[in-house]
Amino acid sequence: MKNIYHSDIYQFNTPVSSYWEDHSSENLNLDKLNKDVSSEIVVIGGGYTGLSCAINLIENHNLEVILVEAGKIGWGASSRNAGFCSLPPSKMSFKKMQSIYGNDETKKFFKNSVEGSNYTKDIIQEYNIDCDVTGDSNYVVAHHPNKFKDIQEQATAYREEFGIETEIYSKEDFDKIGHGGTEQFGAFSYKPGFAINPLKFVNGIAKYALSKQLKIFEHTKVDKIDKENGAYILRTKEGSIRSKKIVVATNGFYQEGLIPEMNSRILPVISNIIVTRALTEQEIDQHNFKTFSPIANTKNLLYYYRKLPDNRILFGTRGDLSGSDQSNLNMSKKMEKFLKDIFPKWKDINIDYNWRGLIALSQKLTPSIGKIDNEEIYYGFGYNGVGVSAAPWTGKQLSKLVLSNSKELDISKIYKGLPKKFIFPKLRTFYFRLAVWFYAIKDRFNI
Ligand SMILES: Cc1cc2nc3c(=O)[nH]c(=O)nc-3n(C[C@H](O)[C@H](O)[C@H](O)COP(=O)(O)OP(=O)(O)OC[C@H]3O[C@@H](n4cnc5c(N)ncnc54)[C@H](O)[C@@H]3O)c2cc1C
């Protein structure tokens, strides 16, 4: 199987050393598969999508399910994201969405996005997961005076067209309840929204799944899938699984070659995060950083940041472009400068952590949920970096699809079906570099 980035980013057997790894004590230490077995359904990928799908298959349909994960549970993006429960899972503006899909489908898409956020909140409670929930909304901050009008428009559309609770804040008002700094020119909030420790969340879902008798194999990477007498045989290094149905929940870590129909359709993109040392209350006050809710700004190459429960600042943005460990380090240095440019009074604050991972984009710019024609293979991916709310909900939708006879889900059609294949797929990262340059120029001129 081929990867499109440097091999450093695909070290499945090594947990990524993140702030979350140092602030979550759980380690499930599950077996790897070392023999030949069979199951009604196999789920590939042990993040939010795969685990949620498996739990729903077991709880609602009483099915025998095996889940395989190439690393430890949650090794992919689910253990190392920024923990924002935000929406919508799309890189397309709502105006563009309305012009392509019409008003009704766009409304349904936003309704489903809100359902996703509420579903995440519900399972935290239902599965009794202690994942350090903070904040009660999301903020979008205008990084330049030009952008305040845009966010006012966005907030109004969210409220009037999609029924989402929003509030608009002037620069002065947001300074009192959000934060100050050099790139804060007003903001709006929307609900639902909050922040979590993503690793505690994924481990909590896995523990609940184990209590429901889900068989999970860690460090078990599917290298190849064969077909034999109407069944699929999933080959791993030390064993195989025979199954009638497969759910692919590998999102940005999908490896080209596994499933022919899925190849060349996903653009995995690196997102990087840095975390400062804990700040004193005095240091926090220097920029009035009051809120514990997640924040994203209006740059095309957006910055996302939040104050963690121990007064550190987590700061993320689009990542390095090669995937090597060295490019990660270089990127984290650049990000430190971005952070300190917008919060200059913190210029002497050290950075304690940096890490990154892959999010999944596609030409659709919205998630993809569905079944491959003439196969019993189901997929859910492409959350555009908004998987905390979208992925568990997608897992639940997938479980319904796997079992439904009509093969139709009652969700917005914007989610349904595979994205187009990239022309000359080997050039995907080159296309992305071009897009980054283009948006960096737009950001430089605040357009
Ligand atoms: C740095 C970063 C920050 C982010 N911040 C946020 C945020 O704040 N809010 C938000 O909503 N979203 C965020 N995201 C995105 C979010 O984390 C993802 O959308 C979400 O975790 C996707 O869940 P998943 O289960 O579909 O995929 P993943 O969690 O990526 O899981 C896929 C799994 O599949 C496994 N796998 C791959 N191939 C195979 C194979 N052949 N055999 C077996 N297993 C395999 C991988 O090991 C991996 O663990 C962020 C992502 C990154 C990288």
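Residues numbered from 1 in each chain as written. Predicted model: local features only at pLDDT ≥ 70, side-chain atom pairs only at ≥ 80, totals over all residues. Heavy atoms only, no water.

Under an unreviewed UniProt entry, the protein has the name Oxidoreductase and belongs to Pelagibacter ubique.

A tally of regular secondary structure across the protein gives 10 helices and 18 strands. Taking 2.2 N^0.38 as the reference for a compact globule, 447 residues should give roughly 22 Å; the C-alpha atoms of the protein span a radius of gyration of 21 Å, in line with that estimate. Along the first, second and third principal axes, the C-alpha atoms of the protein reach 65 × 45 × 45 Å. Looking at the protein as a whole, 58% of its 447 residues qualify as buried. For the protein, the share of sequence-separated contacts (at least 6 apart) that also reach a separation of at least 24 residues comes to 77%. Counting only carbon and sulfur atoms, one obtains 49% of the accessible surface of the protein, whose full area is about 18,900 Å². Taking the 59 positively charged and 51 negatively charged side chains of the protein as two groups, their mean positions are separated by 5 Å. (Helix = DSSP H or I, 4+ residues; strand = E, 2+ residues; numbered from the N terminus. Rg over C-alpha atoms; globule rule 2.2 N^0.38 Å. Buried < 20%, exposed > 50% of the residue type's maximum accessible area, 1.4 Å probe, protein only. Contact = heavy atoms within 4.5 Å. Areas by Shrake-Rupley, 256 points an atom, 1.4 Å probe, with all protein chains shown as cover. Lys, Arg positive; Asp, Glu negative; His and termini not counted. Charge placed at Lys NZ, Arg CZ, Asp CG, Glu CD.)

This brings us to the domain arrangement of the protein. The extent of an interface is frequently quoted as the accessible surface area lost upon association of the parts. Looking at the assigned domains, one finds that the protein contains domain 1 (7–81 + 199–264 + 363–437) and domain 2 (134–195 + 268–362). The straight-line distance from the C-alpha centre of domain 1 to that of domain 2 is 28 Å. With 28 residues of domain 1 at the interface, the matching set in domain 2 holds 27 residues. Interface of domain 1 and domain 2: buried area, both sides summed, is about 2,300 Å²; carbon and sulfur atoms make up 65% of it. It is Ile9, Tyr19 and Phe432 in domain 1 that bury the most area against domain 2; as a group they hold 26% of the surface buried on that side. Taken together, domain 1 and domain 2 are joined by 0 salt bridges. (Domains from an automatic or database assignment. Buried area = accessible area lost by both parts, 1.4 Å probe. Salt bridge = Lys/Arg side-chain N within 4 Å of Asp/Glu carboxyl O.)

Moving on to the UniProt feature "domain: FAD dependent oxidoreductase" (unreviewed entry) in the protein. Sequence positions flagged by UniProt for "domain: FAD dependent oxidoreductase" (unreviewed entry) are, in local numbering, residues 41–400. Annotation note: span residues 41–400, helix share 34%, strand share 25%, distance between end C-alpha atoms 13 Å. (UniProt positions renumbered as here; feature names shortened; annotations may be inferred.)

To continue, consider the packing of aromatic side chains. Summed over the entire model, instances satisfying the criterion amount to 32 aromatic pairs. Aromatic side chains Tyr19 and Trp20 sit 5.2 Å apart centroid to centroid with 75° between the ring planes, which places their arrangement in the edge-to-face category. For the pair shown, Tyr19 and Trp20 are each scored as buried. For the pair Phe109 and Phe110, a centre-to-centre distance of 6.0 Å together with 80° between the ring planes defines the contact as edge-to-face. Through successive ring pairs, a cluster of aromatic residues spans Phe94, Phe109, Phe110, Tyr158, Phe162, Phe188, Tyr190, Trp393 and Tyr415. (Phe/Tyr/Trp six-rings, centres within 6.5 Å; stacked < 30°, edge-to-face > 60°.)

The next thing to look at is the site of the ligand. Close contacts around the ligand come from 37 residues, with Thr49, Glu69, Ser78, Phe84 and Val388 the closest. A distance of 3.3 Å separates an oxygen atom of the ligand from a polar atom in the backbone of Gly83. Within the backbone of Gly387, an N or O atom sits 2.9 Å from an oxygen atom of the ligand. Protein burial of the ligand: of its 1,000 Å² of free accessible surface, 99% is covered by the chains. Broken down by class, the residue content of the shell around the ligand amounts to 20 nonpolar, 14 polar and 3 charged. (Near = heavy atom within 4 Å. Polar contact = N/O pair within 3.5 Å; in protein donor to acceptor, adjacent residues only side chain to side chain. Nonpolar A, V, L, I, M, F, W, Y, C, P; charged D, E, K, R; others polar.)

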